[in-house]
Amino acid sequence: MKYRLYGLAGTRSIRVSWLLEELELEYEFISLLPHSKEILAVNPSGKIPTLLVDNHPISDSAAICLYLCDKHPQKGLSAPCATIERAEIDSWLYFAQSELEAPVWAYRKHKKTTQLIPDNLKINIKDWVEFEFSRSVETLLTRLGSRDYAMGDNFSVVDIFLAQIGQWARHERLAIPEKYRRYIDRIWARPALARARQKEKGQ
Ligand SMILES: N[C@@H](CCC(=O)N[C@@H](CS)C(=O)NCC(=O)O)C(=O)O
């Protein structure tokens, strides 16, 4: 399998490069801006990340990551299809993207300093973002309970998403309870992430 990842430092491509490092797979990282012609040629939304698997493009970070976990199950970062554990992993990933990430991403889009949507569409959604995000964090922490990782005793693909989204929220200075902060810090210290960040920066 030949993996070529289209991405950019500071974006969701880190989820995929981090996972590729955890899986100890060889891959080429190509740094590209969203909507560049190379991206548009493989993903009509112009968004990153997109992973080329033997030149076949797969877009959307969760879909890419689950594909990689299924293809390379030896590290146990997901679970086999149609098992309760896999349903739990899918549930966490849908929750992470639709409930935890959504307000943070909307907040970024409406900031004066970003150019993700036209300026004339920007409105002040800070109160709504804080409300939605804190509600999702409460759910996350209740689900996490006293576990070290989302799936229990072992690190999984879910932890990449929960930590990366939390780190984004931290950058946006959204309130992060101490328990979530400690969880993020622990996951963020993984050597595979450090390697992925270096690779994305071309170092
Ligand atoms: N659901 C997609 C979202 C991808 C996405 O929005 N990527 C951002 C970079 S982090 C992007 O390319 N934004 C450009 C835009 O919104 O037009 C995923 O999880 O991969």
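These notes cover the structure that comes with them. Everything numeric here is computed off the predicted structure, so don't read it as measured data. (Residues numbered from 1 in each chain as written. Predicted model: local features only at pLDDT ≥ 70, side-chain atom pairs only at ≥ 80, totals over all residues. Heavy atoms only, no water.)

**Remarks on the overall build of the protein chain**
Okay, step 1: When its secondary structure is counted, the protein chain shows eight helices and four strands.
Okay, step 2: Going from the N terminus to the C terminus, the protein chain shows its helices and strands as β-α-β-α-β-β-α-α-α-α-α-α.
Okay, step 3: Here the C-alpha atoms of the protein chain give a radius of gyration of 17 Å, agreeing with the 17 Å that 2.2 N^0.38 yields for 203 residues.
Okay, step 4: Each principal axis of the C-alpha atoms in the protein chain carries an extent, and together these give about 45 × 45 × 35 Å.
Okay, step 5: Buried residues in the protein chain amount to 48% of all 203 residues.
Okay, step 6: Counting contacts in the protein chain only where the partners sit at least 6 residues apart, residues at least 24 apart contribute 66% of the total.
Okay, step 7: Summing over all exposed atoms, the protein chain offers an accessible surface of approximately 10,700 Å²; the carbon and sulfur share of this is 52%. (Helix = DSSP H or I, 4+ residues; strand = E, 2+ residues; numbered from the N terminus. Rg over C-alpha atoms; globule rule 2.2 N^0.38 Å. Buried < 20%, exposed > 50% of the residue type's maximum accessible area, 1.4 Å probe, protein only. Contact = heavy atoms within 4.5 Å. Areas by Shrake-Rupley, 256 points an atom, 1.4 Å probe, with all protein chains shown as cover.)

**Quick word on the packing of aromatic side chains**
Okay, step 1: Enumeration according to the criterion identifies five aromatic pairs in this entry.
Okay, step 2: Arranged with centres 6.2 Å apart and planes meeting at 85°, the rings of Tyr-149 and Phe-155 form a pair that is edge-to-face. Grouping residues by exposure puts Tyr-149 and Phe-155 together as buried.
Okay, step 3: In this structure, Arg-12 is placed above the aromatic ring of Trp-105, and the distance from its NZ or CZ to the ring centre is 4.0 Å. (Phe/Tyr/Trp six-rings, centres within 6.5 Å; stacked < 30°, edge-to-face > 60°. Lys NZ or Arg CZ within 6 Å of the ring centre and 35° of its normal.)

**Thoughts on the sheet that holds strand β4 (residues 56-59)**
Strand pairs in the sheet, formed through backbone hydrogen bonds, run parallel or antiparallel to each other.
Okay, step 1: Spatial ordering of the open sheet is given by β2-β1-β3-β4, a layout of four strands whose pairing is mixed. One side of each edge strand has no neighbouring strand; the edge strands of this open sheet are β2 (28-31) and β4. Within this sheet the neighbouring strands show an average axis-to-axis angle of 25°, counted without direction.
Okay, step 2: By the bridge criterion, four bridges tie strand β1 (residues 3-7) to β2 in an arrangement that is parallel. In the strand pairing of β2, Arg-4 is matched with Glu-28.
Okay, step 3: Its contacts with the sheet place helix α3 (residues 61-71) against β1, β3 (50-53) and β4, and it is angled at close to 120° to β4. (Pairing = 2+ DSSP bridges. Axes fitted to C-alpha atoms, helices over the stretch in contact; angles between N-to-C directions.)

**Notes on the site of the ligand**
Okay, step 1: Neighbouring residues of the ligand: 13 residues in total, closest Arg-12, His-35, Ile-48, Asp-60 and Ser-61.
Okay, step 2: Residue Arg-12 places a side-chain N or O atom 3.1 Å away from an oxygen atom belonging to the ligand.
Okay, step 3: Note that a nitrogen atom of the ligand is positioned 2.7 Å from one of the side-chain N or O atoms of Asp-60.
Okay, step 4: Within the complex, the protein chains bury 86% of what would otherwise be the 510 Å² of accessible surface of the ligand.
Okay, step 5: Looking at the shell around the ligand residue by residue, the classes come out as five nonpolar, four polar and four charged.
Okay, step 6: Split by domain, the residues of the shell around the ligand number at least three in each of domain 1 (3-77 + 192-200) and domain 2 (84-189). (Near = heavy atom within 4 Å. Polar contact = N/O pair within 3.5 Å; in protein donor to acceptor, adjacent residues only side chain to side chain. Nonpolar A, V, L, I, M, F, W, Y, C, P; charged D, E, K, R; others polar. Domains from an automatic or database assignment.)

The values are spatial; any link to function lies outside them.
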